[in-house]
Amino acid sequence: MRTAMPLLFLAAAASACTQGEPAGCIAPTDGAMTWIPAGTFRMGEDPHYPEEGPPRLVSVPGFWMSVHEITNREFAAFVEATGYRTVAERTPPDFAAPGSAVFTVPDEQDRRWWRWVEGASWRAPSGPGSAIAGRETDPVVQIAWEDAEAFARWKGLSLPTEEQWEYAARAGAAALPEPVQPDGTATANYYQGSFPDSDLGLDGYRSRAPAGCFPANAFGLHDMIGNVWEWTRSADPRVPGTRTIKGGSFLCAANYCARYRPAARQFQELGLGTDHIGFRLVDARRPPPPSAGNGAR
């Protein structure tokens with residue numbers, strides 16, 4: 001059993017939708033991408049945590065980006081085609097058996113919320129007894145950076161840089177978008193309640209939502225904040241052995257983390273997936289569409 005905890009102190013718990021899918025859910029399309037026009041923005045603007053600053057101007061050439069997070073269905077197609085085994089499915093040198101980190105609501109006897117669960121993997125995000133059957137359009141999780149990179153290579157694409165990711169998430173909007181509209185409607189899957197003990201599920205979910213169940217931003221991208229953290233290919237030299245992840249997850253709450261913002265960032269160990277980290281892809285080589293400029297699909 002692993003004794004050191006992951007660098008992130010949030011994780012996701014697999015459970016069903018609590019109130020039914022919102023009417024705005026899209027039907028995720030495998031491989032769907034949208035054009036992100038070139039532009040300049042202030043990266044790390046209005047930082048809430050030291051690692052988010054200092055703000056600086058960054059110019060980003062145009063690129064294509066996944067409309068939604070890579071789903072269980074898409075990852076299953078990759079595994080079927082290649083026979084790939086994820087890091088969590090292999091026997092690592094410092095663990096007794098394959099497995100991964102899983103979030104569990106703490107109780108009075110045990111206040112930990114991170115636990116190593118033997119048998120947890122993308123196929124069984126919460127460990128033995130859990131499954132992805134019926135949740136094919138959920139974002140795939142329990143994916144280590146190596147796994148995301150392998151999928152990207154298979155598709156002939158790449159993980160986004162942090163600059164690409166943050167620029168796309170902003171979509172020309174304020175650095176601090178609210179995860180709710182003035183009428184109280186959720187615009188992202190985040191934690192309503194007091195973390196880690198009570199998720200009220202007011203947005204319809206106490207876990208991952210299917211990809212595309214919350215409104216797209218101005219570039220046509222769904223779930224750029226909330227739902228699951230997303231791997232980038234960017235490293236921070238101050239934190240060796242990690243890659244930067246972006247966007248926060250459905251376990252980000254106002255009283256803890258609050259990283260459901262484009263400028264927010266965290267550092268995740270390369271060899272460890274969790275049940276609240278997924279990814280999406282970019283293509284910077286494919287030419288823009290004839291209607292380039294407004295995120296045309």
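Above this text you will find the structure in question.
As the structure is a computational prediction, the values presented were derived from the model and not from experiment.

1. Digging into helix 2 (residues 145-155)
Of the residues making up helix 2, those classed as buried are Trp145, Asp147, Ala148, Glu149, Ala150, Phe151 and Ala152. Looking at the buried positions of helix 2, the neighbouring elements they touch are helix 1 (72-82), strand 9 (229-231) and strand 10 (242-246).

2. Topic: the sheet that holds strand 9
Overall, mixed pairing links the four strands, which are arranged 11-10-9-12 in an open sheet. Of all the strands in the sheet, just strand 11 (265-269) and strand 12 (277-278) have a single pairing partner and so form its edges. Two elements, strand 9 and strand 10, share two bridges in a ladder whose sense is antiparallel. Bridged to Trp231 within strand 10 is Ile245. Against the sheet, helix 3 (residues 162-170) contacts strand 9, strand 10 and strand 11, and its axis sits at roughly 5° relative to strand 10.

3. Things to note about the state of the cysteines
Within the structure shown, the criterion is met by one disulfide. Disulfide pairing is shown between Cys25 and Cys213; the S-S distance is 1.9 Å. Torsion about the S-S bond of the Cys25 and Cys213 cystine: about 110°, corresponding to right-handed handedness. Of this pair, Cys25 sits in the segment before strand 1 (33-36) while Cys213 sits in the loop between strand 8 (198-199) and strand 9, and the two are 188 residues apart along the sequence.

4. Some points on the sheet that holds strand 1
If you walk across this open sheet you meet the three strands as 1-4-13, and the pairing is antiparallel. On the outer flanks of this sheet lie strand 1 and strand 13 (282-283), each paired with one strand and no other. As paired strands, strand 4 (residues 63-66) and strand 13 are joined by two bridges and run antiparallel to one another. Within strand 13, the residue paired with Met65 across the bridge is Val282. Set on the sheet, helix 3 makes contact with strand 1, strand 4 and strand 13; between it and strand 4 the angle comes to about 75°.

About the criteria used
- Residues numbered from 1 in each chain as written.
- Predicted model: local features only at pLDDT ≥ 70, side-chain atom pairs only at ≥ 80, totals over all residues.
- Heavy atoms only, no water.
- Buried < 20%, exposed > 50% of the residue type's maximum accessible area, 1.4 Å probe, protein only.
- Helix = DSSP H or I, 4+ residues; strand = E, 2+ residues; numbered from the N terminus.
- Contact = heavy atoms within 4.5 Å.
- Pairing = 2+ DSSP bridges.
- Axes fitted to C-alpha atoms, helices over the stretch in contact; angles between N-to-C directions.
- Disulfide = S-S within 2.5 Å.

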